[in-house]
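For reference, the chains in residue letters:
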Amino acid sequence: MSKMTAFLTNGLLLFFILSNCHNAFAKEGMWIPATLKAHEKDMRSMGLEIPVEQLYNENGTGLNNAVILFGRGCTGEVISPKGLILTNHHCGYGSVQGVSTTDKDYFANGFFAQNMNEEIPIPGLTVTFIRRMENVTDQVLHGIKNTLKDEVRDSIIAIRIAAVERDFKARTHMDAMIKPNFKGNQYWIAIAETYRDIRLVGFPPNGIGTFGGDVENWIWPRHTGDFSMFRIYAGADNKPTDYSAKNQPYRADQYFKINAGGYKEGDFTMVYGFPGTTEEYISSYELKEVYSITDPISIAARTRKLDVWSKHMAWTRDNFLKYTSKRAGVANGWKKWQGEVLGLKLNDVTGKKQQYEKTFQKWADTSGKFPFAGTLLDDMRAATTAADPLITQDQYNKEAVLGIELIQQGPTIEKMAACFRLGLPDSSLDDTLKKVAEGMAWFYKNYDVATDKDVFITLMSLYFTKCADWIPEDVKATYKAHNQDIMAWAEDVYNTSLLTSKDKLTAFAAKAKRGDSTLLLADPAWLIYNAINVARKQKILPQLKSFYSNMRYLDRLYMEAQMGKYSSKIFYPDANLTLRVTYGKIAGLKPDGSSKYSYQTTLGEVVALDDPKSDIFKVPKKLKELYAAKDYGRWGVKGVMPVAFIASNHTSGGNSGSPVLNRKGELIGANFDRAYEGTMSDYYFDPKRCRNISVDIRYILFITEKFGGAKWLIDEMSIVGK
Ligand code: ARG
Ligand code: GLU
């Protein structure tokens, strides 16, 4: 095949090139900061004005030292020399729930500390800095043949990883974590520091921070002030330490300057943060499992669960508070997957992948250098075809049966039963059981039996309709014993199970005698949990485990071959919750293909959406007053208050709260979402449709100063462009 025909028949590459010509401002890729040098020319041509060494360098003076992994799945940034950090409202939501009560309802009223003494410690919350990253592929992979099966390879690699990490920890006195990139073809180490005394500083009420709720979630145009602020505290040596009243605010040598001068369409932007998971290089066979199995099943199960939750949340404030955080989490995936399925379809990503695979196959059949490549796609097809029914079944197990909160608590019964097996005397038996019961307090704080019973009814109906052939015999028998009446069955389960309240568990613990474990193991919720679990362990998980292990092997070799085939292209590794930089430009969008939406929304649009009867579109009174008086302080632009904006940066889940930077590396916003039709960018980036959504830094400053009355925080920051 001539070079020219190879080029022309490669549909995907051609598509990338063409679409990049049309959209010179859209860029696919999430780059490891330590590899940015290779992109500096491109970044500069798009508008970057600082050397990439300012973003990351080996001397510890790069801006990577101002970016944090917030908790376990969000990003945040340091915005003052006193360790003040900015992240999203939805990233701080769970923490705030832990310190909110009906008396101190920070969701309704917001919270802005007026000085450091008022900042609220959040037990369990951590933030992690990545101080340095290094490619350690040679140390991990030297001498290992690429065709060695993953089961064997894994054990060798695990030993080497542990040794290299140990060595780095000893040398740096910090944490060190090695993760695979490019499906295991490369390994990188991250040297990290995790701070664990983190305090809440500022949190707008839901009327601002979740404005538009799930209706506007994943949608552009968007009107949410999705931000919150925390502060890192450190020991006298500025190092991580447990909470103590004596701790000092973390002294930050690197923090982001804030640019309040705004931006315009076409301006260069970067997003610096921790994207979680993407799968850009998988085969059409694996993609099919996403859009025709796992996404649709999760969507169907969650639609039912969310309907029930919403109904019950509307009934009482108590229920609202119990379920608001859980609901946001469940609804978030539910909506994203709908956008993903749509985007994959609109772009015919399967068709494109199939085309790409045809070209790949032709090349592989004749390529001498990659003899293993010729059979990869056939093997993937065979493996996925065999696994599809199991994946279907297990997705129903996870989303339908184990989607019921009561059933999820099965392990508690097992923990209690284990106490009996220890053969303790009755007196200490009580004690041990009581501890297990007490340990469940976190769950019951946010649990409502009536709500969950309705979830049981709707999800069990789904399960019985869709999984008739797979239901474990015991579960079928119980269903029959209730005359196939799910409502009656639910009634029985929720009346009898010990798991419906902490009181029931504690009362059981207080009277428990040797031999009472039979009572536990007759618990109707546990019986369902156990039947599903046993069926999974015997009939599903072992096969799935070997399927995934085989797929990891095939994916790794497929990745290696793709990189070999297009050896002049610079590949970016799939997201894996390590630090990345992505770059693009401020750009509007045509979500439905007809009219074009601007790249920015404003407070005027927020107020126009005000609906006092709606839980999610009700604008707080004070915000309306500020709007009426155009009292925007330094932050408005000719009487207009910007709220959110979009740009063409390639982001993913985990990039929430990420700093959005201008051409000088100054902060212009906090990333918090993507546009609906573009959420398929985790599998396929389409420059026409993919946009990241950010809160404008000026809206954040305005809300903090004028709404929250916390000008003292603004005074800590370094603000330019005004
Ligand atoms: N979609 C955004 C993300 O994936 C925001 C989620 C929080 N907002 C919500 N309405 N649930 O995290
Ligand atoms: N909201 C997402 C998060 O929590 C970021 C949006 C996205 O997935 O792009 O990380």
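Residues numbered from 1 in each chain as written. Chains lettered and ligands numbered in written order. Predicted model: local features only at pLDDT ≥ 70, side-chain atom pairs only at ≥ 80, totals over all residues. Heavy atoms only, no water.

Let's talk about the site of ligand 2
No. 1: Every residue near ligand 2 is listed here: His90, Trp218, Thr651, Ser652, Gly653, Gly654, Asn655, Ser656, Phe672, Asp673 and Arg674.
No. 2: One of the side-chain N or O atoms of His90 is found 3.0 Å from an oxygen atom in ligand 2.
No. 3: Within the backbone of Phe672, an N or O atom sits 2.9 Å from a nitrogen atom of ligand 2.
No. 4: Relative to its unbound accessible surface of 290 Å², ligand 2 loses 92% to contact with the protein. (Near = heavy atom within 4 Å. Polar contact = N/O pair within 3.5 Å; in protein donor to acceptor, adjacent residues only side chain to side chain. Areas by Shrake-Rupley, 256 points an atom, 1.4 Å probe, with all protein chains shown as cover.)

Concerning the site of ligand 1
No. 1: Residues in contact with ligand 1, as listed here, are His90, Gly213, Asp214, Asn217, Trp218, Ala328, Asn332, Ser656, Phe672 and Asp673.
No. 2: One of the side-chain N or O atoms of Asp214 is found 3.0 Å from a nitrogen atom in ligand 1.
No. 3: Between ligand 1 and Asn332 there is a distance of 2.8 Å, counted from a nitrogen atom to a side-chain nitrogen or oxygen.
No. 4: In isolation ligand 1 offers 340 Å² of accessible surface; the protein chains occlude 86% of this area.
No. 5: Among the elements of the structure, α9 (213–216), α11 (317–346) and β18 (667–674) are those that each provide at least two residues to the shell around ligand 1.
No. 6: Partitioned by chemical class, the residues of the shell around ligand 1 number three nonpolar, five polar and two charged. (Helix = DSSP H or I, 4+ residues; strand = E, 2+ residues; numbered from the N terminus. Nonpolar A, V, L, I, M, F, W, Y, C, P; charged D, E, K, R; others polar.)

Description of the pairing of strand β6 (residues 127–135)
No. 1: Bridge count for strand β1 (residues 67–70) against β6 is three bridges, and the pairing is antiparallel. Within β6, the position partnered with Ile68 by the bridge is Phe129.
No. 2: Two elements, β6 and strand β8 (residues 186–195), share eight bridges in a ladder whose sense is antiparallel. Residue pairing for β8: Phe129 is matched across the bridge by Glu193. (Pairing = 2+ DSSP bridges.)

Considerations on the pairing of strand β10 (residues 228–234)
No. 1: Within β10, seven of the seven residues are buried, which leaves it mostly tucked inside the rest of the structure.
No. 2: Taking every second residue as pointing to the same face, both faces of β10 are buried, with Ser228, Phe230, Ile232 and Ala234 on one and Met229, Arg231 and Tyr233 on the other.
No. 3: Pairing between strand β3 (residues 84–87) and β10: four bridges, direction antiparallel. If you follow Leu84 over to β10, its bridge partner there is Arg231.
No. 4: Two strands pair when backbone bridges link them, and strand β9 (residues 197–203) and β10 are joined in this way by five bridges, in the antiparallel orientation. For Leu200, the partnering residue across the bridge sits in β10 and is Phe230.
No. 5: The pairing of β10 with strand β11 (residues 248–249) spans two bridges and is antiparallel. Directly across from Tyr233, in β11, lies its bridge partner Pro249. (Buried < 20%, exposed > 50% of the residue type's maximum accessible area, 1.4 Å probe, protein only.)

Details of the environment of Glu151
No. 1: In this structure, Glu151 sits in helix α7 (residues 150–172).
No. 2: When its relative accessible area of 52% is taken as the criterion, Glu151 is described as exposed.
No. 3: Remark: the alpha-carbon pair of Glu151 and Ser501, spanning 350 residues in sequence, is separated by 43 Å.

Structural notes on the environment of Arg317
No. 1: Here Arg317 is to be found in helix α11.
No. 2: Each C-alpha atom of the pair Arg317 and Thr102 lies 8.4 Å from the other, and the pair is 215 residues apart in sequence.
No. 3: Discounting chain neighbours no more than four positions away, the residues touching Arg317 are Asp105, Phe107 and Ala108. (Contact = heavy atoms within 4.5 Å.)

A word on unusual backbone geometry
No. 1: With an omega of 0 degrees, the peptide bond running from Trp220 to Pro221 counts as cis.
No. 2: In this structure, Trp218 takes a positive phi of about 60 degrees despite not being glycine.
No. 3: One can find Trp218 in the loop between α9 and β10.
No. 4: Classification of Trp218 as buried rests on a relative accessible area of 6%.
No. 5: Here Asn483, not a glycine, exhibits a phi torsion of approximately 55 degrees, which is positive.
No. 6: You can see Asn483 is positioned in the loop between α19 (473–481) and α20 (486–496).

Observations regarding the nonpolar core
No. 1: Within the largest apolar cluster, 200 residues are counted, with the highest numbers of intra-cluster contacts made by Met43, Met229, Phe456, Met460, Leu603, Tyr699 and Phe702.
No. 2: Top element by residues in this core is helix α23 (residues 524–565). It accounts for 16 residues.
No. 3: Setting aside chain neighbours within four positions, we find Met229 in contact with Ile79, Leu84, Ile85, Leu86, Arg199, Leu200, Val201, Gly202, Ile700, Thr704, Leu713 and Met717.
No. 4: Judged by nonpolar contacts, the second largest core, of 13 residues, contains Val136, Val140, Ala176 and Tyr187. (Core = buried A, V, L, I, M, F, W, Y, C linked by side-chain atoms within 4.5 Å.)

A short note on helix α15 (residues 410–421)
No. 1: Between the first and last C-alpha of α15 there are 17 Å, a value that for twelve residues agrees with the 16 Å anticipated at 1.5 Å per step.
No. 2: Gly410, Thr412, Ile413, Met416, Ala417, Cys419 and Phe420 are the residues of α15 that are buried.
No. 3: Buried-residue contacts for α15 involve α14 (405–408), α16 (426–438), α21 (502–511), α22 (517–520) and α23.
No. 4: Once α15 finishes, Gly423 follows within two positions and takes phi at roughly 65 degrees, a positive value. (Expected span 1.5 Å × (residues − 1).)

With respect to the state of the cysteines
No. 1: Within the structure shown, the criterion is met by one disulfide.
No. 2: Here Cys74 connects covalently by a disulfide to Cys91, the sulfurs 2.1 Å from one another. With the S-S dihedral at roughly -80 degrees, the linkage between Cys74 and Cys91 falls on the left-handed side. Separated by 17 residues along the polypeptide, Cys74 in strand β2 (residues 74–78) and Cys91 in helix α4 (residues 89–99) bring together distant segments of the chain. (Disulfide = S-S within 2.5 Å.)

Remarks on the packing of aromatic side chains
No. 1: With the rule as written, the count across this model stands at 35 aromatic pairs.
No. 2: Members of the aromatic cluster, joined through ring pairs, are Phe456, Tyr463, Phe464, Tyr479, Trp489 and Tyr494.
No. 3: The cationic tip of Lys149 hangs over the ring face of Tyr553; the distance from NZ or CZ to the ring centre is 3.9 Å. (Phe/Tyr/Trp six-rings, centres within 6.5 Å; stacked < 30°, edge-to-face > 60°. Lys NZ or Arg CZ within 6 Å of the ring centre and 35° of its normal.)

Here's the deal with the environment of Asp150
No. 1: Assignment of secondary structure puts Asp150 in helix α7.
No. 2: Through-space distance from the C-alpha of Asp150 to that of Arg698 is 50 Å; in sequence the pair is 548 residues apart.
No. 3: In this structure Asp150 touches Ser549, Arg552, Tyr553 and Arg556, once residues within four positions along its chain are discounted.

Considerations on the packing of helix α18 (residues 449–466) against α20
No. 1: Relative orientation of the contacting elements α18 and α20 amounts to 135 degrees, with a least axis distance of 10 Å. With respect to α20, the element α18 is oriented oblique. Two packed elements cross with a definite hand, and for α18 against α20 that hand is right-handed. Across from Val449, Asp452, Lys453, Phe456, Ile457, Met460, Ser461 and Phe464 in α18, the residues of α20 making contact are Ile486, Met487, Trp489, Ala490, Glu491, Val493 and Tyr494.
No. 2: Across the contact of α18 with α20, the residue classes break down as eleven nonpolar, one polar and three charged. (Axes fitted to C-alpha atoms, helices over the stretch in contact; angles between N-to-C directions. Parallel < 35°, antiparallel > 145°, perpendicular 65-115°, else oblique. Left-handed = near helix turned anticlockwise from the far one by under 90°.)

Regarding the confidence of the model for the chain
No. 1: For the chain, the average pLDDT comes to 93, and 96% of its residues sit at 70 or higher.
No. 2: For the stretch residues 1–24, pLDDT sits under 50, and the model shows 30 contacts to residues farther than four places along the chain or on other chains. (pLDDT = per-residue confidence, 0-100.)

Regarding the packing of α4 against α11
Packed helix pairs are specified by the crossing angle of their axes together with the interaxial distance, meaning the distance between the axes.
No. 1: In contact at an axis separation of 10 Å, α4 and α11 are set at 155 degrees when each is read in the N-to-C sense. By the angle between their axes, α4 is roughly antiparallel relative to α11. Crossing of α4 over α11 shows left-handed handedness. For the pair α4 and α11, the contacting residues are Tyr93, Gly94 and Gln97 in the first and Leu321, Lys322, Thr324 and Ser325 in the second.
No. 2: Within the contact of α4 with α11, the residues separate by chemical class into two nonpolar, four polar and one charged.

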